[in-house]
Amino acid sequence: MKKFLSLYTQNMKEMRKFWINQFTISVFGVMITWPCMAIVGSNDENNFVLVLATLFAGGFFCFLEYDVFFQRGARDATKNIHGGCPPDKLAGLKLGLLAYLPTILFVVLALLFFAIDFGGGYMVCSSVLNFVIHAMYSGLVAYVHSDTMPFLQPLVLALSLLPGLLSCLLGYAVGASNKTLRGILGFKVKVNKD
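Novice: Mind laying out the overall build of the protein chain, listing which residues take part and the relevant values?
Specialist: When helices and strands are tallied, the protein chain shows 10 helices and 0 strands. N-terminal to C-terminal, the α/β element order of the protein chain is α-α-α-α-α-α-α-α-α-α. Residue burial in the protein chain is summarised as follows: out of 194 residues, 38% are buried. Within the protein chain, contacts between residues separated by at least 24 positions form 77% of all contacts whose residues are at least 6 apart in sequence. A total of about 11500 Å² of accessible surface is found on the protein chain, and carbon and sulfur atoms cover 71% of it.

Novice: Pulling in residues and values, what's your account of the packing of helix 2 (residues 12–40) against helix 4 (residues 91–99)?
Specialist: With their axes 10 Å apart at the nearest point, helix 2 and helix 4 run at an angle of 60 degrees to one another. Taken together, the axes of helix 2 and helix 4 lie oblique to each other. In the packing of helix 2 onto helix 4, the handedness of the crossing is right-handed. On helix 4, the residues touching M15, F18 and W19 of helix 2 are L95, L98 and A99. Looking at the contact of helix 2 with helix 4 residue by residue, the class counts come to 6 nonpolar, no polar and no charged.

Novice: Break down the packing of aromatic side chains for me, citing the residues and quoting the values.
Specialist: According to the stated counting rule, one finds 10 aromatic pairs in the structure shown. Ring geometry for F28 versus F56: centroids 5.7 Å apart, planes at 50 degrees, classification tilted. With F28 in helix 2 and F56 in helix 3 (residues 48–81), this residue pair connects regions lying 28 residues apart in the sequence. On the basis of relative accessibility, which here comes to 23%, the residue F28 falls in the partly exposed class. Note on F56: relative accessible area 52%, which makes it exposed. Aromatic side chains F28 and F60 sit 6.0 Å apart centroid to centroid with 65 degrees between the ring planes, which places their arrangement in the edge-to-face category. Here the residue F28 occupies a position in helix 2, and F60 occupies one in helix 3, the gap between them amounting to 32 residues.

Novice: Requested: an account of the packing of helix 5 (residues 101–115) against helix 6 (residues 119–133), with residues and values cited.
Specialist: Interaxial distance between helix 5 and helix 6 falls to 8 Å at its minimum, and their mutual angle equals 150 degrees. Classified by chirality, the crossing of helix 6 by helix 5 is left-handed. In contact with P102, T103, F106, V107, L109, A110, F113 and F114 of helix 5, helix 6 contributes G121, Y122, C125, V128, L129 and I133. Class assignment of the residues belonging to the contact of helix 5 with helix 6 gives a composition of 12 nonpolar, 2 polar and no charged.

Novice: Before we move on, could you go through a nonpolar patch on the surface and cite the residues and values that matter?
Specialist: Residues F23, V27, M31, W34, M37, F131 and V132 make up a contiguous nonpolar surface patch of about 670 Å² in total accessible area. Of all the secondary-structure elements, those providing two or more residues to the nonpolar patch are helix 2 and helix 6. A per-element tally of the nonpolar patch places helix 2 first, with 5 residues. Here V132 lies in helix 6. Using a relative accessible area of 36% as the deciding quantity, one classes V132 as partly exposed.

Cut-offs used in this document
Residues numbered from 1 in each chain as written. Predicted model: local features only at pLDDT ≥ 70, side-chain atom pairs only at ≥ 80, totals over all residues. Heavy atoms only, no water. Helix = DSSP H or I, 4+ residues; strand = E, 2+ residues; numbered from the N terminus. Buried < 20%, exposed > 50% of the residue type's maximum accessible area, 1.4 Å probe, protein only. Contact = heavy atoms within 4.5 Å. Areas by Shrake-Rupley, 256 points an atom, 1.4 Å probe, with all protein chains shown as cover. Axes fitted to C-alpha atoms, helices over the stretch in contact; angles between N-to-C directions. Parallel < 35°, antiparallel > 145°, perpendicular 65-115°, else oblique. Left-handed = near helix turned anticlockwise from the far one by under 90°. Nonpolar A, V, L, I, M, F, W, Y, C, P; charged D, E, K, R; others polar. Phe/Tyr/Trp six-rings, centres within 6.5 Å; stacked < 30°, edge-to-face > 60°. Patch = residues over 30% accessible without salt bridge, like charges linked within 9 Å, V, L, I, M, F, W, Y side chains within 5 Å. Salt bridge = Lys/Arg side-chain N within 4 Å of Asp/Glu carboxyl O.

Structure follows, in structure tokens:
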């Protein structure tokens with residue numbers, strides 16, 4: 001437990017940024033998804049609008065988390081240059097999991113309530129996720145809401161954690177390698193020589 005608390009207190013800056021970004025983009029996701037749900041309404045022909053809303057809000061969230069962990073990785077790489085220890089390449093994933101713990105708790109509870117067929121508990125956890133802390137993916141959850149395959153909705157709730165975790169892992173790894181994503185992808189960056 002001491003190791004967990006130590007990891008948490010040492011990385012409080014990243015945790016705070018992660019939670020602020022998550023809550024802000026969640027509100028942004030609600031602002032985008034609800035009008036899209038109104039557009040779709042009972043007409044299933046426009047369901048792709050919900051997927052587009054999710055891609056936009058979820059992509060924006062992943063970009064913000066990538067940036068937070070890229071900066072952290074770059075700081076750790078700079079400390080290594082000046083005689084510190086080399087950065088752990090999985091630190092981004094570990095810190096992302098630590099920051100995601102409240103969301104993971106709600107997802108696990110939602111899956112548990114769904115498995116034991118406790119609809120009230122599932123509804124509460126799903127509502128907190130889809131309207132408060134993880135609403136950037138609520139368009140996708142609404143898209144797969146189906147009476148024919150009801151197990152898809154909790155599955156999407158669980159799988160929606162992966163893009164955020166991958167962006168944390170990638171951001172830290174790229175930052176710690178003293179490179180940029182543009183450089184890794186092969187884009188040339190012009191430098192002004194004034």
